[in-house]
Amino acid sequence: EGKDAKGVASTRTVAIKVLHPKFSWSVERDLALMQSVADFLHSLPSETIRMINLPRATENFGNVLRLQADLTNEASNLHQFRNNFYQNDTTKEQISSISFPKPLPGWSSPRVLVEEYVEHAIPIATYLQDSSPHGVHLRRELAGPLLRAFLKMVFVSWITTMAKIVLLTGSLSLFPFHVLSLAL
C-alpha cells in the first residue's frame, strides 16, 4: 500500500527487481579479470592484436556494463522505450495488445526497480517459438511496432546516450552497436 501523487492511499500489484548485494562486486571482479587478459594479449608481439586494442574495448565494455547495472538507467530506458513504442500516445497504449511494464516514478533506485505488474503477460519468447500460422501472424504483428520503437531508440536516443557516456566516462570511443544494450 502506498500513496498516489495526490497523497491518497492506493494499493497496486507491482514487480520488483532487486540487484544481488554482491552484484557490483562480481561485475568489477569480472571486469578486472577481462582487463588483465586484454592487457596481456595486447602486450603480445602481434600487430593484429594491437590493432584491435582489447584494453580500450574492455574499458568501453565496462563503462557500458556499469551503466546497465544501475536500475535507475533501466527505468529511464524502459520509460523511453514505452514512449517510442506507443509514440507518446496514451490512446495507443490503452488499445494496444502489446504491453510493457511501466516503471513507477519515485520508487526506483540504483539497486531496486519497481514497475507495474502486467497481468496475463506472455513473454515474447513464447511467440518466437510458436511456428503455427497463428504464431507467424502474431510475430508479424509484433515486428513493425517493435522495430520502429527499437530504431527510434537507437537513432533518436543515440545522441542523448552518447552525451551521457561522455559525461560519465570523459570519452566518446564507443561504436553505435555497443549502445544498443544501453538503449533497451
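Every value quoted in this text rests on a predicted model; they were computed, and no experiment measured them.

**Concerning the confidence of the model for the chain**
Detailed reading of the predicted coordinates is not advisable wherever pLDDT is low. Chain-level pLDDT for the chain is 79 on average; 81% of the residues reach the 70-or-more range. Mean pLDDT across the elements of the chain ranges from a minimum in helix α9 (residues 176–183), with 35, to a maximum in helix α1 (residues 23–43), with 93. Segment residues 172–184: pLDDT under 50, and 28 contacts once partners within four positions in sequence are set aside and those in other chains are kept.

**Notes on the packing of aromatic side chains**
What describes a pair of aromatic rings is the distance from one ring centre to the other and the angle between the planes of the rings. A full pass over the atoms with the stated rule returns two aromatic pairs. Between Phe 81 and Phe 100, the ring centres sit 5.1 Å apart and the planes meet at 85°, which makes this aromatic pair edge-to-face. With a gap of 19 residues between them, Phe 81 in helix α4 (residues 71–86) and Phe 100 in the loop between α5 (90–95) and β4 (112–116) connect regions that are remote in the sequence. For the pair formed by Phe 81 and Phe 100, the shared burial category is buried. Ring plane angle 65° and centroid distance 6.3 Å describe the contact between Tyr 86 and Phe 100, whose orientation is recorded as edge-to-face. Here Tyr 86 is found in helix α4, whereas its partner Phe 100 is found in the loop between α5 and β4, with 14 residues between them in sequence. Using a relative accessible area of 17% as the deciding quantity, one classes Phe 100 as buried. The rings of Phe 81, Tyr 86 and Phe 100 are connected pair by pair, giving a single aromatic cluster.

Calculation rules
Residues numbered from 1 in each chain as written. Predicted model: local features only at pLDDT ≥ 70, side-chain atom pairs only at ≥ 80, totals over all residues. Heavy atoms only, no water. pLDDT = per-residue confidence, 0-100. Helix = DSSP H or I, 4+ residues; strand = E, 2+ residues; numbered from the N terminus. Contact = heavy atoms within 4.5 Å. Phe/Tyr/Trp six-rings, centres within 6.5 Å; stacked < 30°, edge-to-face > 60°. Buried < 20%, exposed > 50% of the residue type's maximum accessible area, 1.4 Å probe, protein only.

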